[in-house]
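Observations on chain architecture
So the chains spell out like this:
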Amino acid sequence: MLLLPGGLLFAQSPARVTSLRTEYLENPLGIDALNPRFTWRIADPRRGARQTAYQVFFGTDSAKLLDAKAGGAGMVPSASQLVTYKAGPLRPFTRYYWTVVAWDRDRKPSAKAKIASFETGMLGSENWQGTWISDILPLDSRRASTDLDTKRAPYFRKKFTAGKRIRSARAYIAAAGLYELYLNGAKSGNHRLDPMYTRFDRRNLYVTYDVTPMLRQGDNVIGVLLGNGWYNHQSTAVWFFDRAPWRNRPAFCLDLRITYEDGTTEVIKSGNDWKTSLGPITFNSIYTAEHYDGRLEQPGWNTVSFDDSKWKAPGIRSAPSRNVVAQAMHPIRDVEIIPARSMRKFNDTTYVFDLGRNIAGVSQFTVKGEAGTTLRLKHSERLYPNGRADLSNIDYHYRPTDKLDPFQVDIFILGGTGTETFKPKFNYKGFQYVEITSDRPITLSQSDVTGYFMHSDVPPAGVVSSANATIDKIWSATNNSYLSNLFGYPTDCPQREKNGWTGDAHIAIETGLYSFDAITVYEKWMADHRDEQQPNGVLPSIIPTGGWGYSWGNGPDWTSTIALVPWNLYLFYGDIKALRDCYPNIRRYVDHIDQESPSGLTSWGLGDWVPVKSKSPVELTSSIYYFTDASILAKAAKLLGHAADAEKYAALAAKIRNAINARYLDTATGIYGSGIQTELAAPLCWGVVPEAMKSKVAAQLAKRVAADNYHFDTGILGAKALLNALSENGYADVAYRVAAQETYPSWGWWIVNGATTLYENWDINAKQDISMNHIMFGEIGAWLYKAPGGIRPDPASPGFKNVLLEPHFVAGLDRFEAKHDGPYGSIISAWKRNGDKIYYGVTIPANSSATLKLAVGSGAALYEGGKLVTSNTKGIKQLAGNGNTRSYQVEAGNYGFEIK
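The shown structure was predicted, so the numbers you read here are calculated from the model rather than taken from an experiment.

Criteria and thresholds
- Residues numbered from 1 in each chain as written.
- Predicted model: local features only at pLDDT ≥ 70, side-chain atom pairs only at ≥ 80, totals over all residues.
- Heavy atoms only, no water.
- Helix = DSSP H or I, 4+ residues; strand = E, 2+ residues; numbered from the N terminus.
- Expected span 1.5 Å × (residues − 1).
- Buried < 20%, exposed > 50% of the residue type's maximum accessible area, 1.4 Å probe, protein only.
- Polar contact = N/O pair within 3.5 Å; in protein donor to acceptor, adjacent residues only side chain to side chain.
- Pairing = 2+ DSSP bridges.
- Axes fitted to C-alpha atoms, helices over the stretch in contact; angles between N-to-C directions.
- Salt bridge = Lys/Arg side-chain N within 4 Å of Asp/Glu carboxyl O.
- Phe/Tyr/Trp six-rings, centres within 6.5 Å; stacked < 30°, edge-to-face > 60°.
- Contact = heavy atoms within 4.5 Å.
- 1 Å grid on protein atoms, 1.4 Å probe; cavity = no way out; pocket = protein on both sides within 12 Å on 5 of 7 lines; lining within 4 Å.
- Points joined across faces, edges and corners; volume = space filled by probe spheres on them.
- Nonpolar A, V, L, I, M, F, W, Y, C, P; charged D, E, K, R; others polar.
- Parallel < 35°, antiparallel > 145°, perpendicular 65-115°, else oblique.
- Left-handed = near helix turned anticlockwise from the far one by under 90°.
- Core = buried A, V, L, I, M, F, W, Y, C linked by side-chain atoms within 4.5 Å.
- pLDDT = per-residue confidence, 0-100.

1. Examining helix 3 (residues 469-484)
In this model, helix 3 (16 residues) spans 22 Å end to end at C-alpha, consistent with the 22 Å of a helix rising 1.5 Å per residue. Along helix 3, 12 of the 16 residues are buried, which leaves the element largely enclosed by surrounding structure. Three or more residues of helix 3 are buried, namely T470, I471, I474, W475, A477, T478, N479, N480, S481, Y482, L483 and S484. The opening residue of helix 3, the one whose side-chain oxygen lies 2.9 Å from the backbone nitrogen of T470, is N468.

This is the structure we're talking about:
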């Protein structure tokens, strides 16, 4: 029995409330959300399990929440598992606790969930006490350029005394550039490359650390090491980040807030009472590499006993922007350690190490040698025929002014102190091979080089497995490329550019969300979009940017991220916040295109990038994305209660659609344009084709693909559309045949040629556009969930509250399983073929449901649990069918179907 407020006794439900998250993070520290979002799941394996009501218990005393009589916000009759806090103003620097009781389908309450917590941060710039400081303060324009070109990274330290016993301590640090924070000689946290890249003159991020166990009563010291990051970009390339308007010597602001056992607080803050000195990192570039001189080390620089009498006072700086907000997202970490798989020795000064796979990250190197020995660690994705590192596929856009900053080449000068280890702190690269050359003989073994796969550490949210080993390797390679291009914002490649190309990101948005819980990264990136949008609505093609991309590469086929990303977050999470936050920006963007293209057709864009041989008209593909943006805007307006806008933009979408069809569709033949793959697939995929024409256009597409020998003849826009257009219109077998190819051009062609990531070009021998770790052809990852797996979100009931399940039992594949962890829990769609029989296993999580469509052949029947499915089958309600396709509404639970 369970006692709830009011003294009422309830029979307790077997259901459990689990996975409590605040702002999609587990017990986060230092958040600035004034109305944080709470989410949870229900663990209840019973068929038809659902939540009929909930009650949130909230407060600053966790012990009181354990009391069975502890009050909450009252029982709320609702199935929602996403709740926004609205109970009153939150206080800064405060830990709040919360838990949930949920009532099940029998209206019995669960036990209270395990208590979750979150801690507020600054909640406003007025609460900062520290001052922005740097090691160099430009006094006038004559000195500024010299300061910007200073290469060595600065150390900072502050010694202080904690005079009483410490209860808790939090460090809040914001930086223009990158930093590492140390307390009493130890690095705080396991994050890498903090803070995340933003438009620094418009928004800066700060990070909160619990440093309680790192401090002691008595003397302590804080140490900070600063790196350039994207803030003081010294390397030169075609995007001119070295000319960014915010560029300056790195700086930081820090508050160390200590709460003592007696309840008093003290803030140790950054200011001119700190000390600074240059360290052994002699050069650091987020784009190229890092250089380190072991002879310049200052051992113990971040410890209490260090003598800093020769260090100088820092300079006071103005804040880079007035908008300093919490970094509430999954951080970048060293996620996977990858030992070298092999080593080749060319001579006693040249070695090449192979990690066995392509990654984004850094290498760690251990060596012993005499002081002054200079080692160069060149990181590459491929090798020349002679076995040496080949950078020619990834350094095309680099424009060095001298030979002092070689691309993807770390430089390490030994200090001669015995065994020395080097691992970059403020850089990452894309590579599989590490070539080490030395100016003096050295002895190395295979274990002396280790790779660290770095990326935003987003939790896995899906898995795919099949009877086709190549398909499984394609899925794995897709995930490797997706993660290799997630560093606080989605990028195109981790070596040549590291740019937030918008087109690459919207193509991969579903792939990312099916396999990873990445909402925190995308919500941050949408704030970057809002920072970068011009008043007239125009967005750049790379976000964030130092100014490049407003006049090349943008247009609706690329910068539709402003609409597509929030819409997909709504579909996958059932959370409307990103749509609400971006609504004015989407509207301004669509209005701009409307003003520039009153006919409904636009040629603004790049078009079907990197095609095999056939290129669709830019006007067709860009107009299709323009139609998609207007459609999303109309739907968002309706959801947000903007009735006039909903009507206006629905009419605009219809106008664009009609204009596309009037210009490109031959209604007699069902062919768009000249009838190449992208011209047919894109209108089908994005809903441009009139309903009555879909079957005719789809048939023409299938015919075109057959004429192309069931291989791609598309660029990245067509590759996004092709498999979906086929699968959704009766040609799933054709789509699978394309997906499973192992000859050029195909994903499988890359795999059989040794790929562990996705490439930038179908042609692995292309002379350009041949990065070997790109995500722009990554739609295959999402398609595997959507088509063979059949798992889709329902726009009418988003967040997988109702799952659309329509698995395709494609010819040529005998087993397939897809699992996606949505907001309500695990959705599993697994099938195998045994002769003429299909066994199909389904899991629908508690408080969710599914609309199931199955192809049941003529003369076959559907069984569940060994019994014929009828109107009396528990948890299954038959809906109207269409030919051999039967439709059912299925309640939460586990099901074992058989078609025979």
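2. So, the sheet that holds strand 7 (residues 95-103)
Taking strand neighbours across the sheet as the criterion, the 3 strands line up as 5-7-8 in an open arrangement whose pairing is antiparallel. Each of the sheet's edge strands pairs with one partner strand only, and the pair in question is strand 5 (53-59) and strand 8 (116-119). For this sheet, the mean inter-axis angle between neighbouring strands, taken without regard to orientation, is 25 degrees.

3. Quick notes on the pattern of salt bridges
This model, assessed by the stated rule, comprises 50 salt bridges. Ionic pairing is found between R21 and E26, a salt bridge with its closest N-O pair at 4.0 Å. R21 gets classed as partly exposed once you look at its relative accessible area, which sits at 28%. Classification of E26 as exposed rests on a relative accessible area of 56%. For the salt bridge of R47 with E864, the shortest nitrogen-to-oxygen distance reads 2.7 Å. With R47 in the loop between strand 4 (37-43) and strand 5 and E864 in strand 41 (residues 862-864), the pair connects residues that are 817 residues apart, well separated along the chain. Given the relative accessible area of 21%, R47 is considered partly exposed. Classification of E864 as buried rests on a relative accessible area of 11%. Bridged by salt links that share partners, the residues E23, R37, E523 and D575 form one connected network.

4. Overview of the sheet that holds strand 10 (residues 154-162)
Neighbouring strands of a sheet are bound in pairs by backbone hydrogen bonds; such pairs are parallel or else antiparallel. The 5 strands lie next to each other as 13-12-15-10-18, forming an open sheet whose pairing is antiparallel. Looking at the sheet topology across the chains shown, the edges are occupied by strand 13 (186-187) and strand 18 (275-278). Here strand 10 pairs with strand 15 (residues 218-227) via 8 bridges, running antiparallel. Bridge pairing links K159 to V221 in strand 15.

5. Some details on helix 17 (residues 779-786)
Residues three or four positions apart in an α-helix share a direction because the helix packs 3.6 residues into each turn. Along helix 17, 8 of the 8 residues are buried, which leaves the element largely enclosed by surrounding structure. Residues of helix 17 that are buried include every one of E779, I780, G781, A782, W783, L784, Y785 and K786, and no others.

6. A look at the packing of aromatic side chains
To describe a pair of aromatic rings, you give the distance between the ring centres and the angle between the ring planes. Scanning all chains against the criterion turns up 57 aromatic pairs. Centroid distance F156 to F252: 5.1 Å. Interplanar angle 75 degrees. Geometry classified as edge-to-face. Of this pair, F156 sits in strand 10 while F252 sits in strand 16 (residues 251-260), and the two are 96 residues apart along the sequence. Here W567 and Y570 contribute two aromatic rings whose centre-to-centre distance is 5.3 Å and whose plane-to-plane angle is 40 degrees, an arrangement assigned as tilted. Of this pair, W567 and Y570 both sit in helix 8 (residues 561-573), 3 residues apart, roughly one helical turn. Here W567 falls in the buried class, since its relative accessible area comes to 9%.

7. Focus on the environment of L564
With respect to the helices and strands, the residue L564 is situated in helix 8. Using a relative accessible area of 4% as the deciding quantity, one classes L564 as buried. Linking L564 and D242, residues 322 residues apart in sequence, is a C-alpha distance of 31 Å. Those residues within four positions of L564 in sequence are excluded, and the remaining contacts are H506, Y625, T628, I632 and W686.

8. Things to note about the side chain of R203
Locating R203 in the fold gives a position in the loop between strand 13 and strand 14 (204-210). Classification of R203 as buried rests on a relative accessible area of 6%. At 2.4 Å, the side chain of R203 and the side chain of D531 are in polar contact. Setting aside residues up to four positions removed in sequence, R203 forms contacts with T198, S321, N323, V325, K524, A527, D528 and D531.

9. A closer look at the pairing of strand 12 (residues 178-183)
For strand 12, the tally of buried residues reaches 6 of 6 residues, placing the bulk of the element in the interior. Burial of the side chains of strand 12 extends over both faces: L178, E180 and Y182 are buried on one face and Y179, L181 and L183 on the other. Where strand 12 meets strand 13, 2 bridges bridge the pair, whose relative direction is antiparallel. Its bridge partner being in strand 13, Y182 is matched across the sheet by K187. With antiparallel pairing between neighbouring strands as the criterion, strand 12 and strand 13 make up a hairpin whose turn holds 2 residues, including N184 at a positive phi of roughly 50 degrees.

10. A few points about empty space enclosed by the protein
Applying the stated criterion across every chain, the model contains 3 cavities of 30 Å³ or more. By volume, the largest cavity amounts to about 130 Å³. Taken together, 15 residues line the largest cavity, and the ones lying closest to its centre are L178, L193, Y197, W230 and I286. Looking at the lining of the largest cavity residue by residue, the class counts come to 13 nonpolar, 2 polar and no charged. In this structure, the second largest cavity is lined by Y179, E180, L181, K187, S188, G189, N190, H191, L193, D194 and Y209. The element best represented in the lining of the second largest cavity is strand 12, accounting for 3 residues.

11. Observations concerning the packing of helix 9 (residues 577-596) against helix 11 (residues 643-664)
As a packed pair, helix 9 and helix 11 sit with axes 12 Å apart at the nearest point and diverge in direction by 40 degrees. Considered as vectors, helix 9 and helix 11 are oriented oblique to each other. At the point where helix 9 passes helix 11, the crossing takes the left-handed sense. For the pair formed by helix 9 and helix 11, the contact residues are Y583, R587, V590, D591 and D594 on the first element and D645, K648, Y649, L652 and K655 on the second.

12. Some remarks on unusual backbone geometry
Here the amide bond leading from D194 into P195 is cis, since omega sits at -10 degrees, within 30 degrees of zero. Mapped onto the elements of the fold, P195 is located in the loop between strand 13 and strand 14. At the junction of Y744 and P745, the peptide bond is cis and its omega measures out at -5 degrees in the coordinates. In this model, L193 sits at a positive phi of 60 degrees, which is unusual for a non-glycine residue. Structurally, the position occupied by L193 is in the loop between strand 13 and strand 14. A residue is classified by how much of its surface remains accessible, and L193, at 7% relative accessible area, is buried. In this structure, N847 is a non-glycine residue whose phi angle is positive, near 70 degrees.

13. Digging into the side chain of T520
For T520, the position within the fold is in helix 6 (residues 519-532). The exposure class of T520 is buried, given its relative accessible area of 4%. Discounting chain neighbours no more than four positions away, the residues touching T520 are E23, Y24, L25, A328, M329 and H330.

14. Section: the nonpolar core
Ranked by size, the top nonpolar core spans 218 residues in total, and within it I436, I660 and W747 carry the most contacts. Looking at this core, the element that brings in the most residues is helix 10 (residues 618-639), giving 11 residues. Leaving out residues up to four positions away in the same chain, W747 has contacts with I474, F712, L723, A739, L758, W762, F777 and I780. Core analysis: the second largest hydrophobic core is formed by 27 residues, F160, A171, L215 and L254 among them.

15. Some details on the environment of F252
Overall, the relative accessible area of 0% leaves F252 in the buried class. For F252 and A740, which are 488 residues apart along the polypeptide, the C-alpha to C-alpha distance reads 51 Å. Discounting chain neighbours no more than four positions away, the residues touching F252 are T131, W132, I133, F156, I173, A174, A175, V224, L226, S270 and W274.

16. Comments concerning the confidence of the model for the protein
Per-residue pLDDT for the protein averages 96, and the proportion of residues at 70 or more is 97%. pLDDT under 50 marks residues 1-9. Its contacts with residues more than four places away, or in other chains, come to 26 contacts.

17. Looking at the environment of S631
Here S631 is to be found in helix 10. Residue classification places S631 among the buried residues on the basis of a relative accessible area of 16%.

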